[in-house]
Amino acid sequence: MTGSGFPDDTRGVYQFENASVLNAYDTFTKRTGISQMVRANYAYHSRYLFTFTMRRDGDSVFGKGNKYGIFPSVALGWNMEQEEFFRGWDFLDRSKLRISYSKNGNQDILSYSTLATMQEQYYLDSEGNPLPGFYPNKLADTSLTWEKTRQWNAGWDYSFLKGRISGSFDLFYTSTYDLLLDKTIPDINGVTSIRQNVGRTKSNGIEIGLSTQNIRTRNFEWNTDLTIAHSKNRIVHVGLYDENGKPADNVANKWFIGKSIHAVYGYKFDGIWQEGDDIANSHMPDARPGDIKVLDYDGDGAITPEDRHVFGSEDPKVTAGLMNTFHYKGITLSIFMYGSAGATRFTEYNNPYFEKWNIRDRAWWTPENPINTYPANRSDTNPYGVSIFGKGNNASFIRIADISLGYSFPEKLLKPVGIKRLVLFGNIKNPFLFTGYVGLDPEYKQDYNAPASRSFIFGIKLGI
């Protein structure tokens, strides 16, 4: 509730009755869900393992008759080291094969997504008086139901040499269909999009985990934990088909058959036009020195819509994490780092609008500074709206995320004073980042976040 028109400025939130104008606002959202699950587990001599699960989930957010989904899963495991033919392999501690299949559902949409909604819009009558009115701002689709994902996993867990080397190896394949997406439609319908179950995507990948005890002596240990993952996703279809019945791209939403779900699409930067270039006889004869040069992708000698193409993805191709831990007597040092490679992202540093805009500080092209990274500071240097230029936007990075150092005092020093445990420790979060990315942070998908902070923590652990 808000109030205005108080007799003086001494009134506060407890004197609403003194306001000459009161406005009240309210909102109400109701959403319900229900789930049932049954699970069966079976193990034979600790060698053969079987798990079966069946879920039935319902959510009120979906349309009538489509609120429920059934999602089964089954998993098989084989502890190979329990077999007789592995008994003589003394170096083998563990070897387990796994395979599983599951079907999962996603209902991550707002309440009332299947209903048509109205938005308030005031209008004037014939005498110029304002009157309340409404117009439809969302179309209904009562057929909306669960987004579904089928996934296959196969893996191997292993351990050798009394735990000196251990880890896992996993392969996966997923297929997601009936995606919950906002489909762009012609504005002749009164709105420009509608939420529907459309399209299919698939992805596959591999993940490797490796833990090693590199050095293990009486006073010193060095352990390493490494994970590496590679995945690739592709669009199978988006609910559109050409005259031959083949899946067609949805250019308006930047969904392209066979490409990444988060594809980077558009005209590609090809440098900056310089004063010595033969611009008049080029594929951009109207350009001026300092303008952005667009790649003539199809090679027809002119810049046309056909020169737009997919030249990257916001999803990384490879991610990795590495933890090294060192123990020397009472001293423990751990260093954790991670990173990714292969992602391309837009940043506000690549904002195509220049003149009279609040932008980041950078060097611009001038006749005295004929760089090939950023154009001249004019509003007309980027007529084709190139969104990624200059040094590019490779979001690959390596981040040292955590460094911890601690010292545990020996018990023989603590026992005389009645202390069971005393540990001094220090920790640094986010100390270093190595990247060529031009932007706030390669892990952020936009620049309107608080920068990643660096923190220092010192403490004492005491047990008495």
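Please read these numbers as outputs of a predicted model, since none were measured by experiment.

(A) Looking closely at the overall build of the protein. Counting secondary structure elements, the protein contains one helix and 23 strands. Since a compact globule built from 464 residues should have a radius of gyration of about 23 Å, the 31 Å found for the protein marks it as more spread out than a globular shape. Projected onto its principal axes, the C-alpha coordinates of the protein cover approximately 90 × 75 × 65 Å. For the protein, buried positions account for 33% of its 464 residues. About 28,700 Å² of surface is accessible on the protein, with carbon and sulfur atoms providing 56% of the total.

(B) The arrangement of the side chain of Asp 307 in detail. Its place among the elements puts Asp 307 in the loop between β17 (292-294) and β18 (309-313). Buried charge without a partner: Asp 307 forms no salt bridge, and the closest opposite charge is Arg 308, 8.6 Å away. Looking at Asp 307, its side chain comes within polar contact range of the main-chain nitrogen of Tyr 297, at 3.0 Å. In this structure the side chain of Asp 307 is engaged in a polar contact, spanning 2.8 Å, whose partner is the backbone nitrogen of Thr 304.

(C) Local environment of the packing of aromatic side chains. One pass over the structure, following the stated rule, counts 16 aromatic pairs. Centre to centre, the rings of Phe 91 and Phe 160 are 6.1 Å apart; their planes meet at 15°, and the pair counts as stacked. Here Phe 91 is found in the loop between β5 (68-79) and β6 (92-106), whereas its partner Phe 160 is found in strand β11 (residues 147-160), with 69 residues between them in sequence. One residue, Lys 293, lies across the ring of Trp 273, its end atom 4.5 Å from the ring centre. In this arrangement the basic side chain of Lys 461 is found over the ring face of Phe 425, its NZ or CZ atom lying 5.5 Å from the centre.

(D) Structural view of the nonpolar core. With 17 residues, the main nonpolar core has Met 284, Val 294 and Val 386 as its most contacted residues. When residues of this core are traced back to their parent elements, those giving at least two are β16 (269-272) and β17. Val 61, Ile 109, Leu 144 and Leu 180 belong to the second largest nonpolar core, which has seven residues in total.

(E) Focus on the pattern of salt bridges. Applying the stated criterion across every chain yields a total of 13 salt bridges. Put simply, Arg 98 and Asp 157 hold a salt bridge, and the shortest N to O gap is 2.9 Å. Here Asp 157 lies in strand β11 and Arg 98 lies in strand β6, a separation of 59 residues in the sequence. With relative accessibility at 25%, the residue Arg 98 sits in the partly exposed group. Its salt-bridge partner being Arg 378, residue Asp 380 comes within 3.2 Å of it at the nearest N-O pair. Connected via shared salt-bridge partners are Arg 288, Asp 291, Arg 378 and Asp 380.

(F) Seen up close, unusual backbone geometry. You will see that Tyr 112, though not glycine, has its phi angle at about 65°, which is positive. By the secondary structure assignment, Tyr 112 is in the loop between β6 and β7 (117-120). When its relative accessible area of 34% is taken as the criterion, Tyr 112 is described as partly exposed. Unlike most non-glycine residues, Leu 161 shows phi in positive territory, near 55°.

(G) Spatial organisation of a nonpolar patch on the surface. Together, Tyr 42, Tyr 44, Tyr 48, Phe 50, Phe 52, Leu 76, Ile 99, Trp 152 and Tyr 173 line one region of the surface with nonpolar side chains, adding up to about 870 Å² of accessible area. Secondary structure elements with two or more residues in the nonpolar patch: β3 (33-44) and β4 (48-59). Of the residues forming the nonpolar patch, the biggest block, three residues, is contributed by β4.

(H) Focus on the environment of Asp 242. By the secondary structure assignment, Asp 242 is in the loop between β14 (220-237) and β15 (263-266). Here Asp 242 falls in the partly exposed class, since its relative accessible area comes to 29%. Within polar-contact distance, the side chain of Asp 242 engages the backbone nitrogen of Asn 244 at 2.9 Å. Looking at Asp 242, its side chain comes within polar contact range of the main-chain nitrogen of Lys 246, at 2.8 Å.

(I) Layout of the pairing of β15. Going residue by residue along β15, you find Ala 263 and Tyr 265 tucked away on one face and Val 264 and Gly 266 tucked away on the opposite face as well. By the bridge criterion, four bridges tie β15 to β18 in an arrangement that is antiparallel. Bridging from a neighbouring strand, Ala 263 pairs with Ser 313 of β18.

(J) A look at the environment of Val 386. As for its position among the elements, Val 386 is in the loop between β20 (331-341) and β21 (397-408). As a C-alpha pair, Val 386 and Asp 270 span 116 residues in sequence and 9.8 Å in three-dimensional space.

(K) Highlighting the side chain of Lys 103. Residue position: Lys 103 is located in strand β6. Although Lys 103 is buried, it makes no salt bridge; Asp 178 carries the closest opposite charge, 7.8 Å away. What Lys 103 contacts, discounting residues up to four positions off in sequence, is Ile 70, Phe 71, Pro 72, Lys 148, Thr 149, Arg 150 and Tyr 177.

(L) Focus on the environment of Lys 96. Within the element layout of this structure, Lys 96 appears in strand β6. The contacts of Lys 96, once residues within four sequence positions are left out, are Leu 49, Gly 77, Trp 78, Asn 79, Glu 81, Gly 155, Trp 156 and Asp 157.

Rules and cut-offs
- Each chain has its residues counted from 1, following the order in which its sequence is written.
- Residue-level local features of this predicted model are given only where pLDDT is at least 70; pairs of side-chain atoms are given and counted only at 80 or more, and the full residue set underlies all totals for whole chains, interfaces and linings.
- Hydrogens and water are ignored here; the side-chain numbers use all heavy atoms of the structure.
- Only runs of H or I of at least four residues qualify as helices and only runs of E of at least two qualify as strands under DSSP, and these elements are numbered from the N terminus.
- Based on C-alpha atoms, the radius of gyration is set beside the globule rule, defined as 2.2 Å times the residue count to the power 0.38.
- Three exposure classes are used, based on accessible area relative to the maximum for each residue type with a 1.4 Å probe and protein chains only: buried under 20%, partly exposed in between, and exposed over 50%.
- In short, Shrake-Rupley with a 1.4 Å probe defines the accessible areas, and a residue's cover is counted only from the protein chains shown.
- Two residue types count as positive, namely Lys and Arg, and two as negative, namely Asp and Glu; His and chain ends fall outside the count.
- Salt bridges, as used here, are contacts in which a Lys or Arg side-chain nitrogen is within 4 Å of a carboxyl oxygen on Asp or Glu.
- Definition of a polar contact: a pair of N or O atoms within 3.5 Å, with one able to donate and the other able to accept a hydrogen when the atoms are protein atoms, and with sequence-neighbouring residues admitted only if both atoms are side-chain atoms.
- Any Phe, Tyr or Trp ring, taking Trp's six-membered ring, that has another such ring centre within 6.5 Å forms a pair; planes under 30 degrees apart are called stacked, those over 60 apart edge-to-face, and the others tilted.
- The criterion for a charge sitting over a ring is simple: Lys NZ or Arg CZ within 6 Å of the ring centre, and within 35 degrees of the ring normal.
- Throughout this description, the term nonpolar core refers to a set of buried Ala, Val, Leu, Ile, Met, Phe, Trp, Tyr and Cys residues connected via side-chain atoms within 4.5 Å.
- Nonpolar side chains (Val, Leu, Ile, Met, Phe, Trp, Tyr) within 5 Å and like charges within 9 Å form the patches, drawn only from residues with over 30% relative accessible area and no salt bridge.
- Strands are treated as partners if at least two bridges between them are detected by DSSP.
- A contact between two residues is defined here by any heavy atoms of the two lying within 4.5 Å.

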